[in-house]
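Listed below are the residues making up each chain.
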Amino acid sequence: MELQNVLQQRRSIRKYKQQPVEKEKIEEMIQAAIYSESWKNSQTPRYHVIQSKEMLEQFKKKCLPEFNQKNIADAPVLIVTTFVKDRAGFQRNGSPDNELQNGWGVYDCGLANQNLILKATEFGLGTLVMGIRDERAIRELLEIPVQETIVSVIGVGYPNIEPSMPKRKTNALQCSSSHLRGLRRYPPRKRSLRCTASQRTALRFPARPVLFWFSFPVDLPSVHRIFRLVVVVRKK
């Protein structure tokens, strides 16, 4: 299945067939999650898979609110997603790289989860991401270590419903002058760039020098740089 089809066919499924999910597919879904990018390749997401009927019943009853119990009543697989805290977004000495701190762990976990979900869609499986859950009950039942932060619970199974796609926002970008942040006007300066006669003919220069300041954040591996383009023009 092509990626575009997978993206368009993915749905949040709340009714499942009473059909087991093959172990090989679960393993390939987790492997797809492992392929996702992460902060400094820290690879902190973790996955706790529940498949046995006994554990599924206990988990649904103890760890999920009633409405989510109904949403995944027939789901044969539940995956609890976590991440190892204080790694992504932190230096080796334990100090945070920026103000988001463990927010980067949540971010990386979301990236990995998206890979997992899209792989499930490719297999013809349905998923449901649930954020309303009892964190303490989950930690106790599954014996999740304190070093891991619990993020979500994902229901997985063969869908027994074909919901239509909810209305999506368009990709049209509406931009006005008020959105051009970083465009600043400065008072005249003594020095400026000189233009050739052909350039002066092609362009109409303002009576006062204008400086345009643009900031381009570029995400490179472990590097964040800012490029500034400064253009000063003066009417001769």
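Bear in mind the structure is a predicted one, so any value in this text is a computation, not a measurement.

This brings us to the overall build of the protein chain. Broken down by element type, the protein chain carries 7 helices and 6 strands. Listing the helices and strands of the protein chain from first to last along the sequence gives α-α-β-α-α-β-α-β-α-β-α-β-β. Look at the contacts in the protein chain between residues 6 or more apart in sequence, and 73% of them connect residues 24 or more apart. Approximately 16,300 Å² of the protein chain is accessible, and the part contributed by carbon and sulfur atoms is 51%.

Our next topic: the environment of Gln 19. Structurally, the position occupied by Gln 19 is in the loop between α1 (3-9) and α2 (23-34). Expressed as a C-alpha distance, the spacing of Gln 19 and Asp 74, which sit 55 residues apart in the sequence, is 8.9 Å. Non-local contacts of Gln 19, meaning those with residues more than four positions away in its chain, are made with Pro 76 and Tyr 158.

Of all 10 residues making up strand β4 (residues 148-157), 8 are buried, and the element is well covered by its neighbours. Where strand β3 (residues 126-130) and β4 come together, 5 bridges link them in antiparallel fashion. Looking at β4, one finds that Leu 128 is bridged to Gly 155.

Parameters at a glance
Residues numbered from 1 in each chain as written. Predicted model: local features only at pLDDT ≥ 70, side-chain atom pairs only at ≥ 80, totals over all residues. Heavy atoms only, no water. Helix = DSSP H or I, 4+ residues; strand = E, 2+ residues; numbered from the N terminus. Contact = heavy atoms within 4.5 Å. Areas by Shrake-Rupley, 256 points an atom, 1.4 Å probe, with all protein chains shown as cover. Buried < 20%, exposed > 50% of the residue type's maximum accessible area, 1.4 Å probe, protein only. Pairing = 2+ DSSP bridges.

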